[in-house]
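# Summary of the model geometry
Listed below are the residues making up each chain.
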Amino acid sequence: MADARQRVIIKVFRKYSHSLGPEALEFVEELLDRHEIADEEVEFSIEWIAKEYNKQDDAQMKVSLDVLQRVYESFQGSGDNQSQGESELLDPDSHLFFINAFEMPAWNWSHERSTFERAAGTLTMSGSADSRTTAMRNRLNIIKQTVLRNDHFSPSTLPSQNREHLLTLRSTKQLLGRAGERFLLFGMLSHSKEGKLCLEDQDGSVELDFSKLDQPSEGLFTEGCFVLIEGDYTDEATFVVIAIGHPPCEKREMARSIYGHVDFLGKGATTLLEDVQLAARVRLELSDLRFFVFSDVWLDHPETLNGIRKMLDHCMETNFIPKVMVFCGNFSSRGVPQGNSREVRKFQDNFDALADLIASYSLITRTTNFVFVPGPLDMTVNSVMPRRPLLSSFVARLKSRVPKVHFATNPCRIKFFEQEIVILREDLMAKMLRNLVGVKPDVRNDDLKRYLVQSILDQSHLIPLTNNIHPVLSEFDHALRLYPLPTAVVLADRYDRYEMTYEGCHVFNPGSFIGNSFTFSAYSPARRESEECVLSMDTDD
């Protein structure tokens, strides 16, 4: 029986890339005996210890007995800390942070240490050839380590596990000299210089033949996305594909349990236990709190300001004031032509009018945070993702008249207690559909929305396309990363509005503000869901 317990302990720690020496293994076994842990509860108990050990700053791949003892002692004293923390009232303002893309610390994946390491030096807009390589290598390795941790790929130390059904990944260099054999590959879809579709990994590339593929699995497959491909290698050095799919998506809780010590947002790391406690209190104490999200707020449209006024009036009448209002571009229906001084002046006048309108609701401006995210047609310093905030010359009156205003990058993030909310304004559906290399036939509109959401989250990246299709500042590619999986993602798009939850992550598109009615979305942090809000354009209403 002791051998069975040891195998479980070793298996759990190995899942977090740690190995146990004899002393550490004996200490863990002693803990199980001391607390009389039943055999069926051993794995659950060890999971908690391994997660907490992994979050320690001085945790090593070979488990340190001293650190392990410290973890156990912290568990023993956690009861008092919990009761003390719960006696304090929640203050939403002290747990609300707006994070621009250029403020996020860069964390690169270390293949040697099997964890994240903070990038050294100052990041630059220009980037380099090395940074472009590092960005793609980060994307590949981050997804690959989640794939290898998946139950279908990760071998178990338990004898009851059927190893025959485990999948083994191969690299392109392992294909050489093995024609006629079947392989499972992982890599990026790309085109060769001859225009042939290939699968590319760190060891090389292989040309793909889709003639035997009936249909791909669910999702949108574009050049630049990472995929799992099963097929046969041929004498012609091509790979005949019989199945293709996106990598499995790892839930936020799983990633946080492993990398909870990594401060991805630069606002302080929290433990998984703290996250659970905060989430429970947010559900109870802040059930009425909302974030409003608007997209395509065309200030040059005659009805837009009327719609915003009507929304603000409705907030005052119902005494329902949101904590945050996020306005996403485009802020002009046609964009602002370069060199056209009259259009530029009109663009600024529209923002001035918006500032005067918002400032006239003093109760709302004292309570609500206003966030402005530029769209593809708006004037910013750069046009490459991530984009800088709106030019300060256009929003000077907003800055002076609205106290809680934030001019964000595109994309940007909101950290609210334990939640991470990512906001992107991009016509992503159209861009993905234009660059498809394979999709299920006869897909309906609702399927496309679901495929888009699945593809973005499975790829752990907001824009899973090659740099020649959609340029990204290579040294800030981490700002578009979706790992660990956020709590919610706003994909503000010209496409039809939608809302859905995938692997615990809520994704929604608020749709254009102007249409047959005034439409926007209200996100509830307590429920981690959004809902559509519609106001009639009838001014007599």
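Note: the structure precedes this text.
Residues numbered from 1 in each chain as written. Predicted model: local features only at pLDDT ≥ 70, side-chain atom pairs only at ≥ 80, totals over all residues. Heavy atoms only, no water.

## Thoughts on the sheet that holds strand β20 (residues 518-524)
Read from one edge to the other, the open sheet built from six strands follows the order β13-β12-β11-β10-β20-β21, with strand pairing classed as mixed. Across the chains shown, the open sheet's two edge strands, defined by having one partner strand only, are β13 (405-407) and β21 (529-535). Across the sheet, the axes of successive neighbouring strands diverge by a mean angle of 20°, strand direction being ignored. By the bridge criterion, five bridges tie strand β11 (residues 324-328) to strand β12 (residues 369-373) in an arrangement that is parallel. Within the sheet, the bridge partner assigned to Phe327 lies in β12 and is Phe372. Contacts from helix α9 (residues 304-318) reach β10 (291-294), β11, β20 and β21 within the one sheet, and its direction differs from that of β11 by about 170°. (Pairing = 2+ DSSP bridges. Helix = DSSP H or I, 4+ residues; strand = E, 2+ residues; numbered from the N terminus. Axes fitted to C-alpha atoms, helices over the stretch in contact; angles between N-to-C directions. Contact = heavy atoms within 4.5 Å.)

## A closer look at the pattern of salt bridges
One pass over the full model with this rule turns up 32 salt bridges. Its salt-bridge partner being Glu343, residue Arg334 comes within 3.7 Å of it at the nearest N-O pair. Here Glu499 makes a salt bridge to Arg497, at a shortest N to O gap of 3.0 Å. (Salt bridge = Lys/Arg side-chain N within 4 Å of Asp/Glu carboxyl O.)

## Observations concerning the nonpolar core
If you look at the biggest cluster of nonpolar residues, it comprises 36 residues, and the most contacted ones within it are Met311, Met325, Phe351 and Phe372. Looking at this core, the elements with two or more residues in it are β10, α9, β11, α10 (341-359), β12, β13, β20 and β21. The element contributing the most residues to this core is α10, with six residues. In contact with Met325, other than residues within four places in its own chain, are Phe292, Phe294, Met311, Leu312, Cys315, Ile364, Thr368, Asn369, Phe370 and Val371. Among the nonpolar cores identified, the runner-up in size contains 34 residues, and Tyr16, Leu31, Ala59 and Val71 belong to it. (Core = buried A, V, L, I, M, F, W, Y, C linked by side-chain atoms within 4.5 Å. Buried < 20%, exposed > 50% of the residue type's maximum accessible area, 1.4 Å probe, protein only.)

## Some remarks on the packing of aromatic side chains
A complete count under the given rule lists 28 aromatic pairs for this structure. Ring geometry for Phe102 and Phe476: centres 4.8 Å apart, planes at 65°, overall edge-to-face. One end of the pair, Phe102, is in the loop between β1 (96-100) and β2 (107-110); the other, Phe476, is in the loop between α14 (445-458) and β17 (488-492), with 374 residues separating them in the sequence. Of the residues examined, Phe476 reaches a relative accessible area of 5% and is grouped as buried. Aromatic side chains Trp109 and Tyr259 sit 6.1 Å apart centroid to centroid with 90° between the ring planes, which places their arrangement in the edge-to-face category. With Trp109 in strand β2 and Tyr259 in helix α7 (residues 252-259), this residue pair connects regions lying 150 residues apart in the sequence. Note that Arg388 overlies the ring of Phe102, its terminal NZ or CZ placed 3.8 Å from the centroid. (Phe/Tyr/Trp six-rings, centres within 6.5 Å; stacked < 30°, edge-to-face > 60°. Lys NZ or Arg CZ within 6 Å of the ring centre and 35° of its normal.)

## A closer look at the packing of helix α2 (residues 22-34) against helix α3 (residues 42-54)
At a minimum axis distance of 12 Å, the contact between α2 and α3 shows a crossing angle of 125°. Relative to α3, the element α2 is oriented oblique. Judged by the sense of rotation from one axis to the other, the crossing of α2 with α3 is right-handed. For the pair formed by α2 and α3, the contact residues are Val28, Leu31 and Leu32 on the first element and Val42, Ser45, Ile46 and Ile49 on the second. Tallied by class, the residues present in the contact of α2 with α3 amount to six nonpolar, one polar and no charged. (Parallel < 35°, antiparallel > 145°, perpendicular 65-115°, else oblique. Left-handed = near helix turned anticlockwise from the far one by under 90°. Nonpolar A, V, L, I, M, F, W, Y, C, P; charged D, E, K, R; others polar.)

## Comments concerning the environment of Glu47
With respect to the secondary-structure elements, Glu47 resides in helix α3. Taking the C-alpha atoms as reference points, Glu47 and Tyr483, 436 residues apart in sequence, are found 21 Å from one another. Setting aside anything within four residues of it in sequence, one finds Glu47 in contact with Val12, Lys15 and Tyr16.

## Description of helix α8 (residues 272-285)
Look at α8: 20 Å from first C-alpha to last across 14 residues, which is about the 20 Å you get at 1.5 Å a residue. Residues of α8 that are buried: Leu272, Asp275, Leu278, Ala279, Arg281 and Val282. (Expected span 1.5 Å × (residues − 1).)

## Some words on the packing of α9 against α10
Packed helix pairs are specified by the crossing angle of their axes together with the interaxial distance, meaning the distance between the axes. Where α9 contacts α10, the two axes come as close as 11 Å, and the packing angle between them is 15°. Accordingly, the angle class assigned to the pair α9 and α10 is roughly parallel. Here α9 and α10 pass one another in a crossing that is right-handed. Along its contact with α9, which presents Leu305, Ile308, Arg309 and Leu312, the element α10 presents Ala353, Leu354, Leu357 and Ile358. A per-class count over the contact of α9 with α10 returns seven nonpolar, no polar and one charged.

## Looking at the environment of Glu426
The topology assignment puts Glu426 in the loop between β15 (419-425) and α13 (428-434). Along the sequence, Glu426 and Gly329 sit 97 residues apart, while their C-alpha atoms lie 9.2 Å from each other.

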